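Observations on the three-dimensional arrangement
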Amino acid sequence: MSAALTARERMLGRLRSAKPSAPGAVEAIDAAIDSHYQARRTAAPLPARDRMAAMQAALRAAHAQVDCVSTDGWPALLAQRLGAHGVRRLLLDTGSAEGQALRAALPAGVEALSFERPLAQWKGELFDTVDAGFTVARSGVAASGTLVIAPDAAAPRTVSLAPPLHICLAYASTLHVDLHAAACAERWADGMPSNLVLVSGPSKTSDIQQTLAYGAHGPRWLWVLIVDDLSAQEGGQP
């Protein structure tokens, strides 16, 4: 026992006396990372319209339903699909411009709900009776088909997590080539957002038999509408 303790103490002594290696300057590390990703983007540029196609392909590969839609046509299209899907109660931010546009287009059989009460007061109702949640992405990452969502009081994380169907609206002008480009363009280094949700497909899991199941820990379905707002910026049609 004493020999074992001695060996242990010798090992701990060496660890305590070892001098940590001097880390590289943060600026140098940042510059190296920036240079790496800039070289990748220079070698394989991805124009704005190509980002739309890449985003769509990546999300579809993850079993999401994705459509590219016009700036004025998406509310009617989504309202029709919600009715066809059997949605009766839809959770959304009724104060946002997108929420108001969708609410105005909903058929009589679909009720629009806002997140006005604390979760504890209506958790049972939310999980048992709400069919879908509607969010608007802050941005998107084309390389991985990732939606970047910034929850707030009007549209908390629960909107994209609890209902079995999550619908997300993303504007083509906000799509970035990769996550590094998103962090740089949105200046995360100047103040990292306190709460970001990254969504790359419907919720899925698998058991020990490797049987894939959807909806076990979140929405079973993900619908994404990519709004083509590039035409107005380009001054023409796509």
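Residues numbered from 1 in each chain as written. Predicted model: local features only at pLDDT ≥ 70, side-chain atom pairs only at ≥ 80, totals over all residues. Heavy atoms only, no water.

What follows deals with helix 4 (residues 74–85). The end-to-end C-alpha distance of helix 4, which contains twelve residues, comes to 16 Å, matching closely the 16 Å that a straight helix rising 1.5 Å per residue would cover. When we look at burial in helix 4, the residues that qualify are Trp74, Pro75, Leu78, Ala79 and Leu82. Mapping the buried residues of helix 4 onto a view down its axis gives an arc of 125°, with all of them on the same face. What points out from helix 4, more than 90 degrees from its buried face, is the exposed set Ala76 and Ala84. Buried residues in helix 4 make contact with strand 1 (65–69), strand 2 (89–91), helix 5 (97–105), strand 4 (132–136), strand 7 (165–171) and strand 12 (221–227). Looking one or two places after helix 4, you find Gly86, whose phi comes out positive at around 85°. (Helix = DSSP H or I, 4+ residues; strand = E, 2+ residues; numbered from the N terminus. Expected span 1.5 Å × (residues − 1). Buried < 20%, exposed > 50% of the residue type's maximum accessible area, 1.4 Å probe, protein only. Arc of directions from axis to C-beta. Contact = heavy atoms within 4.5 Å.)

The next subject is the packing of aromatic side chains. This structure, assessed with the given rule, holds two aromatic pairs. Judged by centre distance (5.8 Å) and plane angle (15°), the ring pair of Trp74 and Phe134 falls under stacked. Here Trp74 is found in helix 4, whereas its partner Phe134 is found in strand 4, with 60 residues between them in sequence. By relative accessible area, Trp74 is classed as buried at 3%. For Phe134, a relative accessible area of 3% corresponds to the buried category. For the ring pair Phe115 and Trp122, a centre distance of 5.4 Å and an interplane angle of 70° mean the geometry is edge-to-face. For Phe115, a relative accessible area of 13% translates into the label buried. (Phe/Tyr/Trp six-rings, centres within 6.5 Å; stacked < 30°, edge-to-face > 60°.)

Taken together, four strands build an open sheet; the order of strands is 8-5-6-9 and the sheet is mixed. Whereas interior strands pair on both sides, the edge strands pair on one side only; in this sheet they are strand 8 (175–176) and strand 9 (197–199). For strand 5 (residues 139–141) and strand 8, the ladder comprises two bridges, and the chain directions are parallel. The residue bridging Val141 from the neighbouring strand is His176, located in strand 8. (Pairing = 2+ DSSP bridges.)

As far as function goes, none of this settles anything; it's purely spatial.
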